[in-house]
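Notes for the structure review
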Amino acid sequence: MIKKCLFPAAGYGTRFLPVTKAMPKEMLPIVSKPLIQYGVEEALSAGMTQMAIVTGRGKRAIEDHFDISYELEQQIKGSDKESRLAEIRSIIQQCTFSYTRQIEMKGLGHAILCGQTLIGNEPFAVILADDLCDNPDGENVLAQMARVYERYRCSVVAIEEVAMSEVSKYGVISGKEIDERIFMVDNMIEKPKESEAPSNLAVIGRYILTPDIFEILRHTPPGKNGEIQITDALLAQCKSGMVLAYKFCGKRYDCGSVSGFVEATNEFYAKYH
Ligand code: G1P
């Protein structure tokens, strides 16, 4: 059973400036809940209780969110507002949170490597909180992936089909479909040009990684945009072993873009509010 979930949360969120100047992008709300809380809830309902968060400068609000706020809680005690904190309180009771800082912004692969100190030597999940996933009629995306991991015991990435004109925004895989929704990866390219993309199967922000990825990341040279890419490390892992890609059931909202964020806000307001 996978117990730990890593949240790389050190990025600047430049697409949302100025709101992200002093506020972490992971704290942007979809209706009244911050993005990272949706991620934590997904991990928790997939059976993971140890949240490992890689933060950076200006991210303290994340730590405060997953903590008790004595003054506030005292103020609203006994009022009807108290129920608004029930969910976050229950999360805090069920999970542990540990933090480390990424001192230099050297890419997603580097952020994940920084998390080694919190993860140790065991398989773990990764959630990129700005990819908000929803599957109201079934298991959440990370729980689906955990089942794939239990069966195959290798790294698993979540994928979805995107328009060819969009492939340059993602890590893109190719592979052979070995079972329903499951592909054995044979190639993986970070943000390829449309003409160089091996398919239109894009990786979204959910991964299950085996801990040998850390050693691979340590030796992965900077790739696309001069950053250490998890995509490159996974390609190395698939060459020396096996990596699977899983076409998940559900819907993913790209909340790292303003349009995806607005779409998620509108749909979540209509569905859950
Ligand atoms: C990251 C990864 C990319 C992946 C994407 C999913 O890119 O590097 O491979 O497809 O997340 O959201 P970013 O969106 O951080 O540029």
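This write-up is about the structure you can find in this document. Here the structure is a predicted model, which means the values were calculated and not measured. (Residues numbered from 1 in each chain as written. Predicted model: local features only at pLDDT ≥ 70, side-chain atom pairs only at ≥ 80, totals over all residues. Heavy atoms only, no water.)

On to the side chain of S155. Along the chain, S155 falls in strand β8 (residues 155-161). Judged by relative accessible area, S155 falls into the buried class, the value being 0%. In this structure the side chain of S155 is engaged in a polar contact, spanning 3.1 Å, whose partner is the backbone nitrogen of T210. With residues up to four places along the chain from it excluded, the contact list for S155 reads I208, L209, T210, L234, Q237, M242, V243 and L244. (Helix = DSSP H or I, 4+ residues; strand = E, 2+ residues; numbered from the N terminus. Buried < 20%, exposed > 50% of the residue type's maximum accessible area, 1.4 Å probe, protein only. Polar contact = N/O pair within 3.5 Å; in protein donor to acceptor, adjacent residues only side chain to side chain. Contact = heavy atoms within 4.5 Å.)

With that settled, consider unusual backbone geometry. With an omega dihedral of 10 degrees, the bond running from L17 to P18 counts as a cis peptide bond. Structurally, P18 can be placed in the loop between β1 (4-8) and β2 (29-30). Phi at V31 is positive, roughly 60 degrees, even though this residue is not glycine. Mapped onto the fold, V31 is located in the loop between β2 and β3 (33-34). Since its relative accessible area comes to 27%, V31 is described here as partly exposed. Non-glycine residue K191 carries a positive phi angle of around 45 degrees. When you line up the elements, K191 lands in the loop between β10 (182-190) and β11 (201-209). Given the relative accessible area of 27%, K191 is considered partly exposed.

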